[in-house]
Amino acid sequence: MKSSGGLNTKEFKPIRLLPSMQIIMSKRTRIILALLLLGQFLLLSQTTLQGQAMFMGNFKSIKKSGQEILIKAENASLQIRYYSPTIIRIRIDKDIIAPDFSYAVVARPEAGEFKLRENGEKIVLLTDSLRIEIRKNPIRIHIKNNKERVLSEEYPPFGTGWQGSEISCYRKLFPDEKFIGLGEKTGNLNRRDNAYEMWNSDVPAYAAIADPLYVSIPFFMGIHDSLTYGIFLDNSSRTKFDFAASADNLFSRFSVAEGELNYYFFGASTIAGILNDYTWLTGRTPLPPYWSLGFQQCRWSYYPDTEVLSVAKQFRAKKIPCDMIYLDIDYMDSYKIFTWNPKGFANPRALISELNGLGFHVATIVDPGIKVEPGYFAYDVGLKNDYFVKYPDGVKYIGSVWPGRCHFPDFTRDAVRQWWGVSFKYLVDPGVEGFWNDMNEPSAWGQNIPDIVQFDFDGHGASMKQAHNVYGLNMSRATYEGTRKLLKGKRPFVLTRAGYAGIQRYSAIWTGDNVASDEHMLLSARMVNSMGLSGLSFVGPDMGGFMGTPSKELFVRWLSLGVYTPFFRNHAAKGTNRKEPWSLGEGVEESSVKLISQRYRLLPYIYSAFYTSTQSGLPVARSLAINYTNDEKIWWWKYQEEYLFGDNLLVAPVSCTQNFARVYLPEGGWYRLSSGEFFQGKQELNVEAPLDDLPVFVRASGILPMQSVIQNTSEKPSDTLDLHIYAGKNANSYVFYEDDGQTYNYEKGAFCKRLIRFDPAGKTIFIGKAEGSFTSRFTKMQLILHGFPGLKTLKVNGHELNLQKSDPSNQSVILLFNSSELSIHFE
């Protein structure tokens, strides 16, 4: 018999009444006896649930060894390790805590250790920022900040426990608690009342609430009572997150299908601080090639080579800026990786040379499946060296994908990654510089790859259960490391559909096979923001929708949003109408020229935002939850797509059917980028939203560097940098960054970095001395001041200059932009 609470009563030994007790009991006696029975029930429920569940039980012993604390409980081992004052690692297993391995974590613990205090009831571990309390009987973990305010704690009735091989951590739910992150997920900005699963999946034309998708990032942040914390669950097997979706607001829960519960707790006091710590732990996005930030054109497929050239030449003839063109699967010989179609692409070197001459860089798609075909070099080498995944009996796994029956490389083995990387010579030698990893969830037609398929896991051994979610990560790693070597100092552009935590170290990510609809356009903004909240900076959707044909209005609106998205690619599926900017009818081409030109004017600002990301982990597209965490209106469903693009631009996505939009501007002042009109913040507004003028606002005191329009990044812009500064009440600083955009010479100091400060109280603008050995592209600077109506004089390093008034809302002056510092005083 099972009680309504789900406990198997057959496992309990009932308290037996002695004969002398079998009498009519007083009310008080009955209450005491009931409490005794309840106590036994609760004690036993700590270790047993449904006959299979088991919890940690009571404390038995503790041992401190340097940065580690090892606690033995009745049913489990608990290890807590110091990583930094704001980061701790918690590992829980039924057995001993064994040496482990992670593809996500690259940082080692900082110097330092816990201060330990213990009494009969609890153990207290202290860092400069955190207080970890471990209640002993039963074991429960409570984490507080250094002011003893609770950040997060286990749910007292359950804590952490097992059902079969699955281990779950139940956590107390606070009344106002919100949850953000988890990477590439659909749904709302606030994840509360929803459940999610981490299992990389190929989901074409996914629904707006589909889960899981292509990428697994088991990292989230919690917000309550003006406090923040983060949890990264580093177990690559199937994991689940339930943010009170099924618990009637009693608790939240995260779980792993098998293996140990291994999570990192982040206790920084802000979302930005937690992102800084998380990306310190798992790595940050490296500086991409400058050209990869321009407009990218793709279609499944441009075939043959003459069509590729035709498209490229039309971009140049129509003066639509563009930097990249993609070759989808038809460039290959029968879809076999590292080959070229002998009919359609007979001379790839000549093709790419001509494209390079037109200012285009070329990216090719690469899939992991190796066709089973004796005589095909990739198959022969892989077979000879045992590079393919196999069943436990040694038989190599076969799955069908584009080439037909295929083996799959074991990217969790270093020798395989090295072979894969070297094999890119067949693409790099003709001139390819971009590498588009697809089908790497891994995906095979009509089947889930069996769980029993075996992987090397870098010498640790694992099955598909553990390797599935890191397959795309390791394929991207092999691609990045191999092409970086082959390109001999030039930066490769790597793009992936699938990944795991840490993927930002190797690759950009696009959001998979989306659909041409307003719903997907707005969803893409939320997904990009969520990925930014998960350490991923170089992300974006297929602009206009991969599947289906967008209306003219949808294409223009999505293009206007793409201008302010880190990854800016136009892509279309086979069988859909043409989607090049000139292909969608009257008016679209003119709007495309205007919008894509704006992207190129903003490149100095965008590249500086990527530099910031390399230093702090702040994404380029930043959910308002980062800067305005405690503003309740940013969480409203109608404003949850809004985000900051870099430090100083606020973007308000709008559907293509709206000519006016309801937007929310957070605290402070804001200027409409297109008109200069000023709006006071902390209010909702109705604003005009023409298709080619997305509501975009500049923060008051914002600093915005821009350049002249170019057709591609191999062209030099004008020698004058336009530096826009918008009046405001608060001081602001900004880092302007340049390097050659092509090589890794910046790692040796070949960059140009300048700190720009605006101090309205002191009526000064300060441009710091240039750092680094790179000579700026710009020799002059046009300082453009917005919202300074009473401005009369401007002195630069003590010398008064004449101001020019280009329109009623701004004034400007031309200055030399050499390496010296400039102190500008205005009255």
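Residues numbered from 1 in each chain as written. Predicted model: local features only at pLDDT ≥ 70, side-chain atom pairs only at ≥ 80, totals over all residues. Heavy atoms only, no water.

1. Considerations on the overall build of the protein chain
Next, step 1: A tally of helices and strands in the protein chain yields 13 helices and 54 strands.
Next, step 2: Principal-axis analysis of the C-alpha atoms gives the protein chain an extent of 105 × 75 × 50 Å.
Next, step 3: Residues counted as buried form 61% of the 827 residues belonging to the protein chain.
Next, step 4: If you take every contact in the protein chain between residues at least 6 apart in sequence, the share linking residues at least 24 apart comes to 69%.
Next, step 5: For the protein chain, the distance from the average position of its 91 positive side-chain charges to the average position of its 85 negative side-chain charges is 4 Å. (Helix = DSSP H or I, 4+ residues; strand = E, 2+ residues; numbered from the N terminus. Buried < 20%, exposed > 50% of the residue type's maximum accessible area, 1.4 Å probe, protein only. Contact = heavy atoms within 4.5 Å. Lys, Arg positive; Asp, Glu negative; His and termini not counted. Charge placed at Lys NZ, Arg CZ, Asp CG, Glu CD.)

2. Quick notes on the packing of helix H11 (residues 588-601) against helix H12 (residues 603-616)
Next, step 1: Close contact between H11 and H12 brings their axes to 5 Å; oriented N to C, the two are set at 55°. Classed by the angle they form, the pair H11 and H12 counts as oblique. Seen from H11, the contacting residues are Arg599, Tyr600 and Arg601; seen from H12, they are Leu603, Pro604 and Ile606. (Axes fitted to C-alpha atoms, helices over the stretch in contact; angles between N-to-C directions. Parallel < 35°, antiparallel > 145°, perpendicular 65-115°, else oblique.)

3. Side note on the pattern of salt bridges
Next, step 1: This model, assessed by the stated rule, comprises 47 salt bridges.
Next, step 2: In this structure, the salt-bridge partner of aspartate 414 is arginine 417, at a minimum N-O distance of 3.7 Å. One end of the pair is aspartate 414 and the other is arginine 417, both in helix H6 (residues 414-423) and three residues apart, which spans about a single turn.
Next, step 3: Across the pair arginine 491 and aspartate 740 runs a salt bridge, and its minimum N-O distance is 3.8 Å. In this pair, arginine 491 sits in the loop between helix H8 (464-486) and strand E30 (493-496) while aspartate 740 sits in the loop between strand E46 (732-738) and strand E47 (752-759), placing the two residues 249 residues apart along the sequence.
Next, step 4: Judged by its relative accessible area of 1%, arginine 491 falls in the buried class.
Next, step 5: Via salt bridges that share partners, Lys122, Arg131, Glu133, Arg135, Lys144 and Glu148 belong to a single interconnected network. (Salt bridge = Lys/Arg side-chain N within 4 Å of Asp/Glu carboxyl O.)

4. Here's the deal with the pairing of strand E53 (residues 810-816)
Next, step 1: Of all seven residues in E53, five are buried; the element is thus mostly enclosed.
Next, step 2: Bridge analysis of strand E49 (residues 780-786) against E53 gives seven bridges, and the strand direction is antiparallel. By the bridge assignment, methionine 781 is partnered in E53 with leucine 815. (Pairing = 2+ DSSP bridges.)

5. A few points about the packing of helix H3 (residues 305-317) against helix H4 (residues 348-357)
Next, step 1: Orientation of H3 relative to H4, taken along the N-to-C sense of each, is 0°, at an axis distance of 11 Å. In terms of orientation, H3 lies roughly parallel with respect to H4. Facing H3, whose interface residues are Asp305, Val308, Leu309, Ala312 and Lys313, H4 presents Leu351, Glu354 and Leu355.
Next, step 2: The residue makeup of the contact of H3 with H4, split by class, is five nonpolar, no polar and three charged. (Nonpolar A, V, L, I, M, F, W, Y, C, P; charged D, E, K, R; others polar.)

6. Section: H11
Next, step 1: Between its first and last C-alpha, H11 extends 20 Å over 14 residues, near the 20 Å set by a 1.5 Å rise per residue.
Next, step 2: Every buried residue belonging to H11 is among Val588, Ser591, Ser592, Leu595, Ile596, Ser597, Gln598, Arg599 and Tyr600, and all of these are buried.
Next, step 3: In this fold, the buried residues of H11 make contact with helix H10 (552-562), H12, strand E37 (643-645) and strand E44 (703-706). (Expected span 1.5 Å × (residues − 1).)

7. Some points on the sheet that holds strand E4 (residues 77-84)
Next, step 1: The sheet built from eight strands is open, its strands ordered E2-E3-E4-E5-E20-E17-E16-E13 with antiparallel pairing. Two strands lie at the open edges of the sheet, namely strand E2 (59-65) and strand E13 (178-181), each paired on one side alone. Ignoring which end each strand starts from, the neighbouring axes of this sheet average 20° apart.

8. Digging into the sheet that holds strand E1 (residues 53-55)
Next, step 1: Spatial strand order, E1-E11-E12-E19-E18-E14: six strands in an open sheet with antiparallel pairing. Among the strands making up the open sheet, the edge pair consists of E1 and strand E14 (195-198). The mean angle between the axes of side-by-side strands here comes to 20°, regardless of whether they run parallel or antiparallel.
Next, step 2: Pairing analysis gives four bridges linking strand E18 (residues 239-242) to strand E19 (residues 251-256), with the strands arranged antiparallel. Bridging from a neighbouring strand, lysine 240 pairs with serine 255 of E19.

9. So, unusual backbone geometry
For residues that are not glycine, phi is negative in most cases, and the peptide bond is trans in most cases.
Next, step 1: The amide bond that connects asparagine 137 to the next residue, proline 138, takes the cis arrangement and shows omega of 0°.
Next, step 2: Mapped onto the elements of the fold, proline 138 is located in the loop between strand E8 (130-135) and strand E9 (140-145).
Next, step 3: Proline 304 follows tyrosine 303 through a cis peptide bond whose omega is -5°.
Next, step 4: Inspection of the secondary structure assignment puts proline 304 in the loop between strand E21 (296-297) and H3.
Next, step 5: Although it is not a glycine, aspartate 386 sits at a positive phi angle of roughly 60°.
Next, step 6: Among the structural elements, aspartate 386 can be located in the loop between helix H5 (377-384) and strand E25 (399-401).
Next, step 7: Its relative accessible area of 29% is what places aspartate 386 among the partly exposed residues.
Next, step 8: Even without being glycine, lysine 682 reaches a positive phi, approximately 65°.
Next, step 9: With respect to the helices, strands and loops of the structure, lysine 682 is situated in the loop between strand E41 (678-680) and strand E42 (683-688).

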